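# Tertiary structure, described
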Amino acid sequence: MDKHDGRDAGTIRLDDPWYDALAVGWGEGGETVPPRPAAGGRTASGASDIYLEVQRSAAFQEVRGRYRRFVVPATAGFFLWYVAYVVAATTAPGLMARPVFGPVNVALLAGLGQFLSTFLLTWAYARHARLRRDRAALDLRWTVFEQERDQERTGARGEGR
């Protein structure tokens, strides 16, 4: 944690790689800080340039690809399972009313299966994220954090001259 001087001198800023500086003040009507001109009159690269560079990187594309390769089939499968349950309940009431054991029928088991599949899908998503995406995403996040920190240090040195 660092305290900073200036008009917000009493506030504390957390230097945390999970802190999204681009979202601060979004939609709040706060003032925006224009990019500072660099030496030679050009505009200094900002945090948005860093994010765009990371977004174009192969590592980011790999993380997004892993995400999509899990989410798209999982969503499609779950949606088809849900639609099949609704269609069966409306078009085949005799099948759904068929008792399995005691007062438990096919419709009740299929409804409970919807809940079970929701929990299983949530568990599978969390496991997939933990094993296949979280480490790479954290590495990307630290890369962005380090680039922003280096940019701030470079900017501070340039202003001190």
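Report on the accompanying structure.

Thresholds applied
- Residues numbered from 1 in each chain as written.
- Predicted model: local features only at pLDDT ≥ 70, side-chain atom pairs only at ≥ 80, totals over all residues.
- Heavy atoms only, no water.
- Helix = DSSP H or I, 4+ residues; strand = E, 2+ residues; numbered from the N terminus.
- Buried < 20%, exposed > 50% of the residue type's maximum accessible area, 1.4 Å probe, protein only.
- Contact = heavy atoms within 4.5 Å.
- Areas by Shrake-Rupley, 256 points an atom, 1.4 Å probe, with all protein chains shown as cover.
- Axes fitted to C-alpha atoms, helices over the stretch in contact; angles between N-to-C directions.
- Nonpolar A, V, L, I, M, F, W, Y, C, P; charged D, E, K, R; others polar.
- Phe/Tyr/Trp six-rings, centres within 6.5 Å; stacked < 30°, edge-to-face > 60°.
- Polar contact = N/O pair within 3.5 Å; in protein donor to acceptor, adjacent residues only side chain to side chain.
- Patch = residues over 30% accessible without salt bridge, like charges linked within 9 Å, V, L, I, M, F, W, Y side chains within 5 Å.
- Salt bridge = Lys/Arg side-chain N within 4 Å of Asp/Glu carboxyl O.

## Quick word on the overall build of the protein
A tally of regular secondary structure across the protein gives four helices and four strands. Relative to its full complement of 161 residues, the protein shows a buried share of 15%. When contacts within the protein are restricted to residue pairs at least 6 apart in sequence, those whose partners lie at least 24 apart make up 62%. By element, 61% of the accessible surface of the protein is carried by carbon and sulfur atoms, the whole surface being about 12,500 Å².

## Remarks on the packing of helix H1 (residues 47–56) against helix H2 (residues 58–91)
One way to put it is that H1 packs onto H2 with a least axis distance of 5 Å and a crossing angle of 65°. For the pair H1 and H2, the contacting residues are Val54, Gln55 and Arg56 in the first and Ala58, Phe60 and Gln61 in the second. The class makeup of the residues in the contact of H1 with H2 is three nonpolar, two polar and one charged.

## Brief notes about the packing of aromatic side chains
Inspection of every chain in the model, using the stated rule, returns two aromatic pairs. With a centroid separation of 5.9 Å and 50° between ring planes, the pair formed by Phe70 and Tyr125 is classed as tilted. Here Tyr125 lies in helix H4 (residues 106–159) and Phe70 lies in helix H2, a separation of 55 residues in the sequence. Classification of Tyr125 by relative accessible area gives partly exposed; the value is 34%. Here the aromatic rings of Trp142 and Phe145 are separated by 5.3 Å at their centres, their planes lie at 85°, and the arrangement is edge-to-face. Residue Trp142 and its partner Phe145 are located together in helix H4, separated by three residues, close to a single helical turn. On the basis of relative accessible area, Trp142 is assigned to the partly exposed category, the value being 37%. According to the relative accessible area criterion, Phe145 is buried, its value standing at 14%.

## Notes on the side chain of Ser117
By the secondary structure assignment, Ser117 is in helix H4. Among the polar contacts made by the side chain of Ser117, one reaches the side chain of Trp81 at a distance of 3.0 Å. Leaving out residues up to four positions away in the same chain, Ser117 has contacts with Phe78 and Trp81.

## With respect to a nonpolar patch on the surface
Together, Val100, Phe101, Leu108, Leu109, Leu112, Phe115 and Phe119 line one region of the surface with nonpolar side chains, adding up to about 730 Å² of accessible area. Taken together, the elements giving at least two residues each to the nonpolar patch come down to strand E3 (99–101) and H4. Of the residues forming the nonpolar patch, the biggest block, five residues, is contributed by H4. Mapped onto the secondary structure, Leu112 falls in helix H4. For Leu112, a relative accessible area of 48% puts it in the partly exposed group.

## Here's the deal with the pattern of salt bridges
The full count for this structure, using the stated rule, is two salt bridges. The residue Arg66 makes a salt bridge to Glu62 at a minimum N-O spacing of 3.0 Å. Here the residue Arg66 and the residue Glu62 both occupy positions in helix H2, the gap between them amounting to four residues, near one helical turn. Overall, the relative accessible area of 28% leaves Arg66 in the partly exposed class. Overall, the relative accessible area of 35% leaves Glu62 in the partly exposed class. Notably, a salt bridge pairs Glu62 with Arg69, separated by 3.4 Å at the nearest N-O pair. Salt bridges sharing partners connect three or more residues here, namely Glu62, Arg66 and Arg69.

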